[in-house]
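Here are the chains, one letter per residue:
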Amino acid sequence: MSVALGEGLGELAQRFSIDPDPQAGLSLVRDAEGRLVLGGDSKAYGNPLWVDFVAGRSAHRRRFGGGRGQLVARACGLAKGVTPSVVDATAGLGRDAFVLATLGAEVLMIERVAAIAALLEDGLMRAAADPEVAEIVARMQLRHGDSTQHLSALVEASGFAPQVIHLDPMFPHRDKSALVKKEMRLFRELAGADDDAPRLLEAALDVATHRVVVKRPRKAPPIDGPEPRHQLEEKTSRYDIYVHQSLTGA
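Residues numbered from 1 in each chain as written. Predicted model: local features only at pLDDT ≥ 70, side-chain atom pairs only at ≥ 80, totals over all residues. Heavy atoms only, no water.

### Overview of the overall build of the protein
Stated formally: Under the scheme used here, helices are H or I runs from DSSP no shorter than 4 residues and strands are E runs no shorter than 2 residues, and both carry numbers assigned from the N terminus. Buried means the residue's accessible area, taken with a 1.4 Å probe over protein chains only, is under 20% of the maximum for its type, while exposed means over 50%, and partly exposed covers the values in between. We call two residues in contact when some of their heavy atoms are within 4.5 Å. Reported accessibility uses the Shrake-Rupley method at a 1.4 Å probe radius. Residues are deemed covered only where the shown protein chains occlude them.
Regarding its fold elements, the protein presents 10 helices and 10 strands. Taking all 250 residues of the protein together, 48% fall into the buried category. Intrachain contacts of the protein at a sequence separation of at least 6 include 65% that bridge at least 24 residues. Roughly 12,100 Å² of accessible area belongs to the protein as shown, and the carbon and sulfur atoms make up 49% of that amount.

What follows is the structure, given as structure tokens:
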């Protein structure tokens, strides 16, 4: 595991806590179990957020998720004899990155929101102390930065080989706010809308050596830009796949 946020966890947490969004009222705190959590008004945002690579959803997906048959694994090109390195340029809470690392991939996570990067760092450090997942998170690196602006520099600084770049921009905003999950509301308060998704795709296409994969709602149009070469769909989501060269034997 490698973590490089450009500033320490304590500084990130302190800066966000003493200068919260005055409208959102969000803060980073340590809970009774020692986890770094991010939360605000429970009626608006639900339970606090934290990153847990050991238990809960991550543990269930690690054990019963379907291995390389999972949509994200297929989209990123993980197949028999092929395990590419993956840059998750919009890491969020690291769920897809952890799945890929569980399947053997080296993964570089990049997260632009400082508070979310702090949660990821805390989750990685706690997971590194757990014998069941320590080997998995050892394949995960983290950088705090904006992939739209600095993707090439962030990848170069990490010493990472960017065969595949995974993008999961914020889904298009729904008109009826009641339909938006509370967790997503919290993300929107922090990150805003991903109006720069076309620029992010362009940056990813410039940096990836083999392919770029973009997660989208199943019925949403592709991001403005070149047409994807392939698409993989499930019930509610799909991946648009942009191919530079084959991953066979990579």
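### Description of the side chain of Ser237
Counting through the fold element by element, Ser237 comes out in strand β10 (residues 237-243). Judged by relative accessible area, Ser237 falls into the buried class, the value being 9%. Each residue touching Ser237, except ones within four places of it in the same chain, is listed here: Leu71, Lys215, Arg216, Pro217, Arg218 and Leu232.

### A word on the pattern of salt bridges
Stated precisely, the cut-off is as follows: Salt-bridge detection follows one rule: a side-chain nitrogen of Lys or Arg within 4 Å of a carboxyl oxygen of Asp or Glu.
This structure, assessed with the given rule, holds 6 salt bridges. The shortest N-O distance in the salt bridge between Arg35 and Glu33 comes to 3.7 Å. You can call Arg35 buried: its relative accessible area is 14%. The exposed category is assigned to Glu33, whose relative accessible area is 62%. Its salt-bridge partner being Arg112, residue Asp196 comes within 3.2 Å of it at the nearest N-O pair. Here Asp196, found in the loop between α9 (182-191) and α10 (197-207), pairs with Arg112, found in the loop between β5 (107-111) and α6 (114-128); they are 84 residues apart in sequence, far enough to count as distant.

### Observations regarding the nonpolar core
Keep this limit in mind: By nonpolar core we mean a set of buried residues, namely Ala, Val, Leu, Ile, Met, Phe, Trp, Tyr and Cys, connected to one another through side-chain atoms within 4.5 Å.
Counting 47 residues, the largest nonpolar core has Leu38, Phe53, Cys76, Leu100, Met109, Leu119 and Met140 as its most contacted members. Of all the secondary-structure elements, those providing two or more residues to this core are β3 (36-39), α4 (71-75), α5 (95-102), β5, α6, α7 (134-137), β6 (140-144) and β10. Ranked by residue count, the leading element in this core is α6, at 7 residues. If sequence neighbours within four positions are ignored, Met109 has contacts with Asp88, Ala91, Gly94, Ala97, Leu120, Leu124, Met140, Gln141, Leu142 and Arg143. In this structure, Ala89, Ile110, Leu201 and Leu205 belong to the second largest nonpolar core, which totals 22 residues.

### Brief notes about the packing of aromatic side chains
How we decide: Stacked, tilted and edge-to-face are the three classes applied to pairs of Phe, Tyr and Trp rings, where Trp contributes its six-membered ring and a pair requires centres within 6.5 Å; stacked means planes under 30 degrees apart, edge-to-face means over 60, and tilted covers the rest. In our convention, an over-ring charge means Lys NZ or Arg CZ found within 6 Å of a ring centre and within 35 degrees of that ring's normal.
Using the criterion set out here, one finds 1 aromatic pair in the structure. Relative to Phe98, the ring of Phe53 lies with its centre 5.2 Å away and its plane at 20°, an arrangement referred to as stacked. With Phe53 in the loop between α2 (42-45) and α3 (56-64) and Phe98 in helix α5, this residue pair connects regions lying 45 residues apart in the sequence. Owing to a relative accessible area of 2%, Phe98 belongs among the buried residues under this scheme. Stacked on the ring of Trp50, the Lys or Arg Arg35 has its end atom at 3.8 Å from the ring centre.

### Re the packing of helix α8 (residues 147-158) against α10
Put simply, the test is: Between N-to-C directions, angles span 0 to 180 degrees; the directions come from axes that are lines fitted to C-alpha atoms, helices contributing only their stretch in contact. The cut-offs work like this: below 35 degrees is roughly parallel, past 145 is roughly antiparallel, 65 to 115 is roughly perpendicular, and the gaps in between are oblique. In this scheme the crossing of two helices becomes right-handed for a clockwise turn of the near helix relative to the far one and left-handed for an anticlockwise turn of less than a right angle. Any residue that is not Ala, Val, Leu, Ile, Met, Phe, Trp, Tyr, Cys, Pro, Asp, Glu, Lys or Arg is counted as polar, Gly included; the first ten are nonpolar and the last four charged.
Interhelical geometry of α8 versus α10 gives an angle of 15° and a closest axis separation of 9 Å. When the axes of α8 and α10 are compared, the pair comes out roughly parallel. When you trace α8 past α10, the crossing you get is right-handed. Across the interface between the two elements, Ser147, Thr148, Gln149, Leu151, Ser152 and Val155 from α8 touch Arg199, Leu200, Ala203, Ala204 and Val207 from α10. Here the contact of α8 with α10 is composed, by residue class, of 6 nonpolar, 4 polar and 1 charged.

Scope: geometric values only; no functional claims are made or implied.
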